[in-house]
Amino acid sequence: MSAKPVAWWGMMMLVAAEATLFGTLIGTYFYLRFSTPHWPPGGIAKPGAVVPIVLALVLVASVFPLRLGTRAGIALALLMQAGYFAYAVHDFADRLHSFTPQTNAYGSIYYVLLGADHAHVAVGLLFDVWLLANWRTIGLRVITVYWIAVAVLTLAVTGTILSARA
Amino acid sequence: MTAVGLLERQWTERPGLLGWLTTTDHKRIGLLYFWTTLVLFGAGGTEALLMRTQLAQPNSHVVGPEAYDQLFSLHGITMIFFFIIPMTTGAFGNYLIPLMIGARDMAFPRMNALSFWIFLGSGIFLYASLALGSAPDAGWFDYVPLASRQFSPGRNIDFYCLALIFNGVSSTLAASNFIVTILKLRAPGMSLNRTPLFCFAFLAASFGLLFALPALTADAVFLYLDRRVGTHFFDVAHGGSALLWQHLFWIFGHPEVYILIVPAFGIATSIIPAFTQHRVVAFPLVAIAELLVVFIGFGVWAHHMFATGLPTVTLIFFAAASALVVIPSTIQVFAWCLTILSGTARFRTPLLFIVGFILFFVVGGLTGIMFVAIPFDQQMTDTYFVIAHFHYIIFGAAVFPIFGGMYYWFPKLTGRMYFELPGQISFWIIFAGTNLLFFPMHVVGLDGMPRRVYTYPGGLGWGTYNLIETVGGYITLAGILLLFGNLVVSYVRGERVGRDPWHGPTLEWTIPSPPPEYNFAVIPHVTSAYPNWEPLAGDLVLDEGHQQPITTAADGELAEIAQMPHESPWPVLLGLGLALVFALLVVEKFLVAGIALGLCALVLAAWHR
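Residues numbered from 1 in each chain as written. Chains lettered and ligands numbered in written order. Predicted model: local features only at pLDDT ≥ 70, side-chain atom pairs only at ≥ 80, totals over all residues. Heavy atoms only, no water.

**Describing the packing of aromatic side chains**
Logical step 1: For the structure on display, the rule yields 82 aromatic pairs over all chains.
Logical step 2: Pairing B:Phe207 with B:Phe211 gives two aromatic rings, centres 6.3 Å apart and planes at 5 degrees, and the pair type is stacked. Placement of the pair is B:Phe207 and B:Phe211 together in helix 7 (residues 197–228), with a separation of four residues, close to one helical turn.
Logical step 3: Arranged with centres 6.1 Å apart and planes meeting at 50 degrees, the rings of B:Phe395 and B:Phe438 form a pair that is tilted. A residue pair is termed long-range when its members are at least 10 positions apart, and B:Phe395 in helix 14 (residues 384–414) and B:Phe438 in helix 15 (residues 420–446) qualify at 43 residues.
Logical step 4: Exposure remark for B:Phe395: the relative accessible area of 12% places this residue in the buried category.
Logical step 5: Under the relative-accessibility criterion, B:Phe438 is labelled buried at 6%.
Logical step 6: Here A:Lys4 stacks its cationic end above the ring of A:Trp8, 5.0 Å away from the centre of that ring.
Logical step 7: The aromatic ring of B:Trp20 is capped on one face by B:Arg28, whose charged end is 4.4 Å from the ring centroid. (Phe/Tyr/Trp six-rings, centres within 6.5 Å; stacked < 30°, edge-to-face > 60°. Helix = DSSP H or I, 4+ residues; strand = E, 2+ residues; numbered from the N terminus. Buried < 20%, exposed > 50% of the residue type's maximum accessible area, 1.4 Å probe, protein only. Lys NZ or Arg CZ within 6 Å of the ring centre and 35° of its normal.)

The following block contains the structure:
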């Protein structure tokens, strides 16, 4: 068995805690959904499918250039992730025109769930920038782990949000 | 220069206050935790005695209802989040785990310092609310709708939410650090089956914290947003659910109960072999049981909600799951008792506290089992019977080993022995006081006396019992004061003892007392779970910088030699920055709080330059 460095274990601890946090948020989403007769409630339109799926796939795809392990790879990943982030934030702000976290419980969990996800992407972007400024192999390794986790969590969040279409 | 001289030069930290502010030494951080939690224990205890004084007689007016609400809320929050968890993991775990596994520090020494500074910040934050006259006042479990903005418009509950989120960051960091330390920094040869049971207990508690705290964090974030941003998570009128608070709280809260008690198991499994000179009976079963208690703890949360109108099927499931906890608990009780009976027990003060712990654990466990009977639970909900039950567990079973552990490891920390006779007297006083304090609560609880009410009418037959409880409270206080008095006098005048006065089983007894900065001059090679009872082995000196062997997680085989970080000013600065963020959130300066958070990111970047 090849021993993983201590930093890798540390990142796994962070990932475990954050995944549990998202588990709680997604659990809350469905708890609220199953105690509400119509979902989304209050005449809010069902979320569109195309944009979130494309966005999530961009984030998943950004893991591959990271795994190249070169500066150019990181830069390319950063570009994709920043593009994702910019569009996601734009979409987030755009939605606020039709309903807000204060509209009803659906609005509350919708924005908190997406907001938590976007915050994790934002932290990842800072990690990328830090890595480009302070190149370390071990840094690359754990930041890749972080992005894989964020990509998987984003898929889970996207699936949860889109479940309102069913 | 000799190897020891080299090690000393490389590991000795800056002297004075600056040294304490920048320290990454797990022993100094453990001591910082110890003193801080001791102060907070004093605060929580004072709150308890104020409540007991108020309740000593019917229709009493020592404190008014508003003050009483803050007292019982702060008492619960303090004792759970700011005393027991930081005292066990923060103080005992930090100081002892690296010593027990033959390591020179924790896996992430700077993050360890950061956990402490965040913890200190969150403690000051919580008690600032008291100074401002708006301490949390909706109980430690803070149920909505009482805790919602509509019924609690002041800042009290905002302090509650933010203090627990803040404190949760510290506990999550500490838990991660313990898991990685225990899995990766064990001395070569210390495979999992040779790892001290103390470490298994702390591993279990750390996994519990890691997976339980996110639910509390999410819950507290939801409540804060509901109160100050206008979301509707718990607002039934807008599609929210008041029960959601309770579900999330107890998904955290029940594992939390086991997180409180499991380190006590760990302390018991350290003290028992030392004072019986006998290996712990059924070692692997006890190790698994320690982990299993926490694991099962994640599946029983709704037994705190039997009176909320959940469907009967749900109640039955959670009652059955709760009954399962008996199995790993009983395995351990039998293992402890059989070990004491199999060896030649010397009933010195630490072992007395452990015997007291076992008795309290059994009594509290028996009343716990009674709650599995759903109708009984529904009858007893919100009465003093519940208070009696969980104080037998949380004070009798969780805190007694902390006291026992203080005596047991006192010679290791100070190089001096405590005074035995006053030690034993302190045990008997605390033991008697605790029973007087909590046993009558069973009776008044069965009589229907409700909890969280600041007074009660005369003529119900509760007065005498309550007076006995209050007297018991002050007797307990006297015992605790004797305990600390003994330790303080012993620190100055106690007999000097060598490295190993108890012939203890684990590695901390192989090194000088107090331990040197680098802990182990020679990294031990471990061949059994009781390495101090075997001939010493090991040849790794590792005197080039902060060197630390990293071993494989299961087999404890040497994998690499890592360089550990040195002291650093960044953890305390980051803690300060985060405290600023939370202070700004209380006063709803969201934009400035965001800027402060950005500053924290800059500090983090400078830290990792």
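**Section: unusual backbone geometry**
Logical step 1: Each neighbour pair has its own omega, and for A:Trp39 with A:Pro40 the value is -5 degrees, a cis peptide bond.
Logical step 2: Position of A:Pro40 relative to the elements: it lies in the loop between helix 1 (6–34) and helix 2 (50–61).
Logical step 3: Cis rather than trans, the peptide bond between B:Val144 and B:Pro145 has omega equal to 0 degrees.
Logical step 4: Among the secondary structure elements, B:Pro145 is positioned in the loop between helix 5 (109–131) and helix 6 (156–184).
Logical step 5: Even without being glycine, B:Ala282 reaches a positive phi, approximately 60 degrees.
Logical step 6: Mapped onto the elements, B:Ala282 comes out in the loop between helix 8 (242–276) and helix 9 (283–297).
Logical step 7: Although it is not a glycine, B:His503 adopts a positive phi angle of roughly 55 degrees.

**Description of the interface of chain B and chain A**
Logical step 1: With 37 residues of chain B at the interface, the matching set in chain A holds 30 residues.
Logical step 2: Both faces combined, the contact of chain B with chain A buries some 2,600 Å², and carbon together with sulfur accounts for 75% of it.
Logical step 3: Interface area lost by chain B to chain A is led by B:Lys184, B:Pro214 and B:Phe233, which between them contribute 16%.
Logical step 4: Counting across the chain B and chain A interface gives zero salt bridges.
Logical step 5: Viewed at the interface, chain A and chain B are joined by seven residue pairs in polar contact (both at pLDDT 80 or more).
Logical step 6: Counting residues per element, the ones that place at least two in the side of chain B that touches chain A are helix 6, helix 7, helix 8 and strand 2 (558–563) of chain B.
Logical step 7: Among the residues forming the side of chain B that touches chain A, the class breakdown is 22 nonpolar, 12 polar and three charged. (Contact = heavy atoms within 4.5 Å. Buried area = accessible area lost by both parts, 1.4 Å probe. Salt bridge = Lys/Arg side-chain N within 4 Å of Asp/Glu carboxyl O. Polar contact = N/O pair within 3.5 Å; in protein donor to acceptor, adjacent residues only side chain to side chain. Nonpolar A, V, L, I, M, F, W, Y, C, P; charged D, E, K, R; others polar.)

**Section: the packing of helix 4 (residues 65–100) of chain B against helix 14 of chain B**
Residue and element names in this part refer to chain B.
Logical step 1: One way to put it is that helix 4 packs onto helix 14 with a least axis distance of 11 Å and a crossing angle of 35 degrees. Two packed elements cross with a definite hand, and for helix 4 against helix 14 that hand is left-handed. Facing Tyr-68, His-75, Phe-83, Ile-84, Met-87, Thr-88, Phe-92, Tyr-95, Leu-96 and Met-100 of helix 4, the residues of helix 14 in contact are Tyr-384, His-391, Ile-394, Ala-398, Val-399, Ile-402, Gly-405, Met-406, Trp-409 and Leu-413.
Logical step 2: Split into classes, the residues belonging to the contact of helix 4 with helix 14 amount to 16 nonpolar, four polar and no charged. (Axes fitted to C-alpha atoms, helices over the stretch in contact; angles between N-to-C directions. Left-handed = near helix turned anticlockwise from the far one by under 90°.)

**Notes on the environment of B:Ile261**
Residues and elements named next belong to chain B.
Logical step 1: Tracing the backbone shows Ile-261 in helix 8.
Logical step 2: Residue classification places Ile-261 among the buried residues on the basis of a relative accessible area of 3%.
Logical step 3: In contact with Ile-261, other than residues within four places in its own chain, are Phe-361, Ile-393, Ala-397 and Ala-398.

**A word on helix 3 (residues 26–55) of chain B**
Logical step 1: With 30 residues, helix 3 of chain B should reach 44 Å at 1.5 Å per residue; the first-to-last C-alpha distance of 42 Å fits that figure.
Logical step 2: The distance from a side-chain oxygen at the start of helix 3 of chain B to the backbone nitrogen of B:Lys27 is 2.8 Å, and the residue carrying that oxygen is B:Asp25. (Expected span 1.5 Å × (residues − 1).)

**Some details on the packing of helix 3 of chain B against helix 5 of chain B**
Residue and element names in this part refer to chain B.
Logical step 1: Across the interface, helix 3 lies against helix 5 with an axial gap of 10 Å and an inter-helix angle of 20 degrees. When the axis of helix 3 is compared with that of helix 5, the two are roughly parallel. Of the two possible hands of crossing, helix 3 and helix 5 adopt the one that is left-handed. Together, His-26, Ile-29, Leu-32, Tyr-33, Thr-36, Thr-37, Leu-40, Ala-43, Gly-44 and Glu-47 of helix 3 and Pro-109, Asn-112, Ala-113, Ser-115, Phe-116, Trp-117, Phe-119, Leu-120 and Tyr-127 of helix 5 make up the contact between the two elements.
Logical step 2: Broken down by class, the residue content of the contact of helix 3 with helix 5 amounts to 12 nonpolar, six polar and one charged. (Parallel < 35°, antiparallel > 145°, perpendicular 65-115°, else oblique.)

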